[in-house]
Amino acid sequence: MKFFESFGGNMNILTAPVYSLFSIAFYRQVIREHLGKGFLYVVYLSLITAVIITLMFVLQVLPLANPFVDWLQAEMPTITMSPDGLAIDRPSPLVLTHPTLGPIAIFDMDKKDVNISDIKDVYVYVTQTKLFVRQRSGELRVYDLAQAMAEGRGRDGNTQPSYLTPESVKRFYNNLKPWVVILLAVICFIAAAVLTLFWALIYSWFGLIFNMSRNPKLTFGEVYHVSLYAMTAATVYQWLRMLIPVFGKIPLGFLTGFLLTIFYLFLAIKKTQETPEIPAV
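These remarks concern the structure in this document. None of the values given here were measured: they were computed from a predicted structure.

## Observations regarding the side chain of Ser227
Next up, step 1: Along the chain, the position of Ser227 falls in helix α7 (residues 220-230).
Next up, step 2: A relative accessible area of 0% places Ser227 in the buried class.
Next up, step 3: Setting aside its immediate chain neighbours within four residues, Ser227 contacts Ala200, Tyr203, Ser204 and Leu265.

In structure tokens form, the structure reads like this:
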């Protein structure tokens, strides 16, 4: 274990991930620090996780969504919404067929009732008054558009028809994108922080097993504090799985992260104990 002893301890939050991977002296210092620093460390790692996931979304998901919206803008009809229901400016029925995904939606203003057999080849079926959506389970979900529009117009007193155009859909998408990115980043940050704090609690019980043979023994709070840092290797491993495709293909990702954390937790608890002095002869 001399390799792990070769790095000096450092509680600088920016360099803490490096020292938590390579330094036993760092863990000795962690034990002496207040638990609040561990919570700040979780915030730091969670921010990095949120940034990585958000960047992956922007670089990988949005480039796929943009062409789909361009296709939808070119193919969708202009939809008129009035108290009587919907109307389109194209002959009905109209099938929207994506060149790769196949049939996506059907607009049929003359059809009254739709069953699962009518929608088996598409995801969405739109009539004059209702919206039918096929669920993954094979069930059909129905939305009453006429009722929703009547309630909306009743609140604002507007009786004039409104229009949903391809241009308005594209404009709505462009306005929505930055908010989706921000919301995703916030959700990822909160989820990463909560999950880290939760799993540190789970790992602490394993740490208490190692702590039983330690001299002197740590308190539960100290074991929990150490667990927050011992999870760093598993967190970095998950970052690599997201950023580098070859790591993402490695099976048993959760088990690997679990074993990494247990390994570092063992080092952080057992290898930081005081070495008994050997009396001089």
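## Section: the packing of aromatic side chains
Next up, step 1: Using the criterion set out here, one finds 13 aromatic pairs in the structure.
Next up, step 2: With a centroid separation of 5.8 Å and 75° between ring planes, the pair formed by Phe198 and Trp199 is classed as edge-to-face.
Next up, step 3: The exposure class of Phe198 is partly exposed, given its relative accessible area of 43%.
Next up, step 4: By relative accessible area, Trp199 is classed as partly exposed at 28%.
Next up, step 5: By the ring-pair criterion, three or more aromatic residues cluster together here, those being Phe198, Trp199, Tyr203, Phe206, Phe254 and Phe258.

## Side note on the sheet that holds strand β8 (residues 162-164)
Next up, step 1: In spatial order, the strands read β2-β1-β8; together these 3 strands make up an open sheet with antiparallel pairing. The sheet terminates laterally at β2 (85-88) and β8, the two strands that pair on one side only. Sheet twist, expressed as the average angle between the axes of neighbouring strands with direction ignored, equals 25°.
Next up, step 2: When strand β1 (residues 79-82) meets β8, the two strands line up antiparallel, connected through 3 bridges. The partner of Thr80 across the bridge, within β8, is Tyr163.

## A short note on the nonpolar core
Next up, step 1: Counting 30 residues, the largest nonpolar core has Tyr27, Val226, Tyr229, Leu265 and Ile269 as its most contacted members.
Next up, step 2: Put simply, the parts of the chain that give this core at least two residues each are α2 (16-22), α3 (24-32), α4 (35-75), α6 (166-211), α7, α8 (232-243) and α10 (253-270).
Next up, step 3: The element that contributes the greatest number of residues to this core is α7, accounting for 6 residues.
Next up, step 4: Leu265 has contacts with Tyr203, Phe206, Gly207, Phe210, Val226, Ser227 and Ala230, leaving out every residue within four places of it along the chain.
Next up, step 5: Met76, Ile88, Ala105 and Val126 belong to the second-largest nonpolar core, a separate cluster that totals 15 residues.

The rules behind each value
Just so you know, the residues in each chain are numbered from 1, in the order the chain's sequence is written. The predicted origin of the model limits local features to residues at a pLDDT of at least 70 and limits the giving and counting of side-chain atom pairs to 80 or more, whereas totals for whole chains, interfaces and linings rest on all residues. By convention in this description, side-chain values take in all heavy atoms of the structure and omit both hydrogens and water. A run of DSSP states H or I qualifies as a helix once it reaches four residues; a run of E qualifies as a strand once it reaches two. Both are numbered from the N-terminal end. Only protein chains enter the calculation, and the probe is 1.4 Å; a residue is then buried if its accessible area is under 20% of its type maximum, exposed if over 50%, and partly exposed in between. Two residues qualify as a contact provided that any one of their heavy atoms is within 4.5 Å of a heavy atom in the partner residue. Stacked, tilted and edge-to-face pairs are distinguished by plane angle, under 30 degrees for stacked and over 60 for edge-to-face with tilted covering the rest, among Phe, Tyr and Trp rings (Trp via its six-membered ring) whose centres lie within 6.5 Å. DSSP-based pairing: two strands are paired if at least 2 bridges between them are found. Interaxial angle, 0 to 180 degrees, is taken between N-to-C directions of lines fitted to C-alpha atoms, where a helix line uses only the stretch in contact. We define the nonpolar core as a collection of buried residues of types Ala, Val, Leu, Ile, Met, Phe, Trp, Tyr and Cys that are connected through side-chain atoms lying within 4.5 Å of one another.

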